[in-house]
Amino acid sequence: MSTSGQPQFRYTQTPSKVLHLRNLPWECTEEELVELCKPFGKIVNTKCNVGANRNQAFVEFLDLNQAISMVSYYASSSEPAQVRGKTVYIQYSNRHEIVNNKSPGDVPGNVLLVTIEGVEAGDVSIDVIHLVFSAFGFVHKIATFEKAAGFQALIQFTDAETASSARNALDGRSIPRYLLPDHVGSCHLRISYSAHTDLNIKFQSHRSRDYTNPYLPVNPTAIEGIAQPALGPDGKKKEPESNVLLASIENMQYAVTVDVLHTVFSAFGTVQKIAIFEKNGGMQALIQYPDVTTAAVAKEALEGHCIYDGGYCKLHLSYSRHTDLNVKAHSDRSRDYTIPDSGLLAVQQAPGLPGATTVWQNPQAAPLYTGHDAAAAAAVQVPSWDPTMQAGRSTFASAASTFPSQPFASSSISAYPAPPGSSPLTPAVQPNVRPGGASPPGRPYFGQ
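Attention in this report is confined to the structure presented alongside it. Source: prediction; values computed, not measured.

**Quick look at the pairing of strand 7 (residues 111-117)**
On a regular strand, one side chain projects to one face of the sheet and the next to the other, so that they alternate.
Here is step 1 of the chain: With five of its seven residues buried, strand 7 lies for the most part within the structure.
Here is step 2 of the chain: As paired strands, strand 7 and strand 9 (residues 150-157) are joined by six bridges and run antiparallel to one another. Residue Leu112 lies in a different strand from strand 9, and its bridge partner there is Ile155.
Here is step 3 of the chain: In this sheet, strand 10 (residues 188-193) lies alongside strand 7 in antiparallel orientation, the contact comprising six bridges. In the strand pairing of strand 10, Ile116 is matched with Leu189.

Written out as structure tokens, the structure reads:
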């Protein structure tokens, strides 16, 4: 059974009493792992927060048959294994026992990996980080970056002993309030050891610093970074706007292709280009509009909404630093709609519906559960997405001569083809109310 773009189980591996769990939520605890696995047998050992993103774990059962029982159960169950609402992927491990319960982040070293929770990049300057950590010893180098876990920094000390004293004193603590901008309420430090021993800093900037080499070239951003960020009306840092949106899609239970994203985002204006890619184990996409205004309208309307009912394929939107995407390939993962090629766009008129809005051929919009008829799914024609299905938001719809944010009577045709076994919402249903409460999983509904 598959519940997303990757299989939940791998059957080719030799059974083992140690199971490998992937796609776990950030800092998943041993208690959460035991709670998931204990119905199938006794857990004798665990290894949590492993992998580059600390979202993997190993669980060792007392007996091999107990591990086989867990894998077999979820392989045949319609409900996937979940922790905190995230689907967990399970497979047999190559190891037959867990010999060391220490994660790499617990092995002492001279470089610390610091996650600063509750802030965005730019809220905490590299000078503030240096001031806080230099209280425990000479800081050689600092490099800051953004990952799925948030704003992070690598801090290099002279030796592991100095790094350990800084970690023991600061892990779980907050940066003093007077060192933070006014719009930042509080932030907490989560510190582990890095596998690095010597950071490679190429130039001095507001994101990286080498305190051992005063002759290192200075990047202009080191000066630009000193300037105060622009603040919005609420006093919070204002995100630089762009005509290109970066969409992160979580809880991927169904396929999301270029055509699906085009159907959703074109409701607010002309979509010029789309590119889909994977980063940090998740799916992301860049959507290019002709101007910033249209992108802002789409971002405001779609942020936090789900493409499918049941909380599936939830959108998180931000502005990208890109302004013009370089789309070289035309496939289900990238498309340039500025090229006048009807074969690429696959637009056609809905049969038997004179004057109906354009429809899209979207063979991959059905859920990825095995056993469904792929040929039947490929034949489903997808009408334009109906933005009135948003819950609690203003309705937007696109028209040839209408500004993207100007509302008008929307189409009565449903948004996406419902996966086999369900039916689309009917026109008689109020746009913000689902009939009979919760809809069956897989029914397309653009709600919170």
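**Some words on the sheet that holds strand 13 (residues 273-279)**
Here is step 1 of the chain: Strand order in the open sheet formed by six strands is 15-16-12-14-13-17, and the pairing between neighbours is antiparallel. In the strand order of this sheet, the two ends are held by strand 15 (306-308) and strand 17 (334-336), each with one partner. Averaged over all pairs of adjacent strands, the angle between their axes in this sheet comes to 25°, without regard to strand direction.
Here is step 2 of the chain: Bridge analysis of strand 12 (residues 244-250) against strand 14 (residues 282-288) gives six bridges, and the strand direction is antiparallel. Among the inter-strand pairings, Ile249 is bridged to a residue of strand 14, identified as Met283.
Here is step 3 of the chain: Set on the sheet, helix 6 (residues 258-265) makes contact with strand 12, strand 13, strand 14, strand 15, strand 16 (312-319) and strand 17; between it and strand 13 the angle comes to about 125°.
Here is step 4 of the chain: Helix 7 (residues 292-302) contacts strand 12 and strand 16 of the sheet and is inclined by roughly 140° relative to strand 16.

**Regarding the environment of Ser205**
Here is step 1 of the chain: Within the element layout of this structure, Ser205 appears in the loop between strand 10 and strand 11 (208-210).
Here is step 2 of the chain: Linking Ser205 and Asn219, residues 14 residues apart in sequence, is a C-alpha distance of 5.3 Å.

**Re the side chain of Asn243**
Here is step 1 of the chain: Within the secondary structure, Asn243 sits in the loop between helix 5 (221-224) and strand 12.
Here is step 2 of the chain: Judged by relative accessible area, which is 10%, Asn243 ranks as buried.
Here is step 3 of the chain: From its side chain, Asn243 meets the backbone oxygen of Thr323 in a polar contact 3.1 Å long.
Here is step 4 of the chain: When neighbours within four sequence positions are excluded, Asn243 is seen to be in contact with Ile287, Gln288, Tyr289, Pro290, Asp291, Val292, Ala295, His322 and Thr323.

**Focus: helix 6**
Here is step 1 of the chain: Across the eight residues of helix 6, eight count as buried, placing the element largely inside the fold.
Here is step 2 of the chain: Those residues of helix 6 lying buried are Val258, Asp259, Val260, Leu261, His262, Thr263, Val264 and Phe265.

**Section: the environment of Leu154**
Here is step 1 of the chain: Relative to the assigned elements, Leu154 resides in strand 9.
Here is step 2 of the chain: According to the relative accessible area criterion, Leu154 is buried, its value standing at 11%.
Here is step 3 of the chain: Along the primary structure Leu154 and Ala143 are separated by eleven residues, whereas in three dimensions their C-alpha atoms are 5.2 Å apart.
Here is step 4 of the chain: The contact partners of Leu154, leaving out residues within four places of it in the chain, are Val111, Leu112, Leu113, Lys141, Ile142, Ala143, Phe145, Ser194, His196 and Leu199.

**Some remarks on the nonpolar core**
Here is step 1 of the chain: The biggest cluster of nonpolar side chains holds 33 residues, and the ones touching the most others in it are Val256, Leu261, Phe265 and Tyr289.
Here is step 2 of the chain: At the level of secondary structure, the elements contributing two or more residues to this core comprise strand 12, helix 6, strand 13, strand 14, helix 7, strand 15 and strand 16.
Here is step 3 of the chain: Residues within four places of Tyr289 in sequence aside, it is in contact with Asn243, Leu245, Phe265, Ser266, Phe268, Gly269, Thr270, Val271, Gln272, Thr294, Ala295 and Ala298.
Here is step 4 of the chain: Counting residues in each nonpolar core, the second largest holds 28 residues, with Val119, Ile126, Leu170 and Val184 among its members.

**Quick word on the pattern of salt bridges**
Here is step 1 of the chain: Scanning the entire structure with this criterion turns up eight salt bridges.
Here is step 2 of the chain: Salt-bridge contacts for Asp127 lead to Arg209; the nearest nitrogen and oxygen are separated by 3.3 Å. Of this pair, Asp127 sits in helix 3 (residues 126-133) while Arg209 sits in strand 11, and the two are 82 residues apart along the sequence.
Here is step 3 of the chain: For Arg209, a relative accessible area of 17% corresponds to the buried category.

**A closer look at the sheet that holds strand 1 (residues 18-22)**
Here is step 1 of the chain: In spatial order, the strands read 2-3-1-6; together these four strands make up an open sheet with antiparallel pairing. A strand with exactly one partner marks an edge of an open sheet, and here the two such strands are strand 2 (43-50) and strand 6 (89-92). The average undirected angle you get between the axes of adjacent strands in this sheet is 20°.
Here is step 2 of the chain: Where strand 1 meets strand 6, four bridges bridge the pair, whose relative direction is antiparallel. Bridge pairing links Leu19 to Tyr92 in strand 6.
Here is step 3 of the chain: Helix 2 (residues 64-76) contacts strand 1, strand 3 (56-61) and strand 6 of the sheet and is inclined by roughly 140° relative to strand 6.

Conventions and cut-offs
- Residues numbered from 1 in each chain as written.
- Predicted model: local features only at pLDDT ≥ 70, side-chain atom pairs only at ≥ 80, totals over all residues.
- Heavy atoms only, no water.
- Buried < 20%, exposed > 50% of the residue type's maximum accessible area, 1.4 Å probe, protein only.
- Helix = DSSP H or I, 4+ residues; strand = E, 2+ residues; numbered from the N terminus.
- Pairing = 2+ DSSP bridges.
- Axes fitted to C-alpha atoms, helices over the stretch in contact; angles between N-to-C directions.
- Contact = heavy atoms within 4.5 Å.
- Polar contact = N/O pair within 3.5 Å; in protein donor to acceptor, adjacent residues only side chain to side chain.
- Core = buried A, V, L, I, M, F, W, Y, C linked by side-chain atoms within 4.5 Å.
- Salt bridge = Lys/Arg side-chain N within 4 Å of Asp/Glu carboxyl O.

What is shown is where atoms sit, not what they do.
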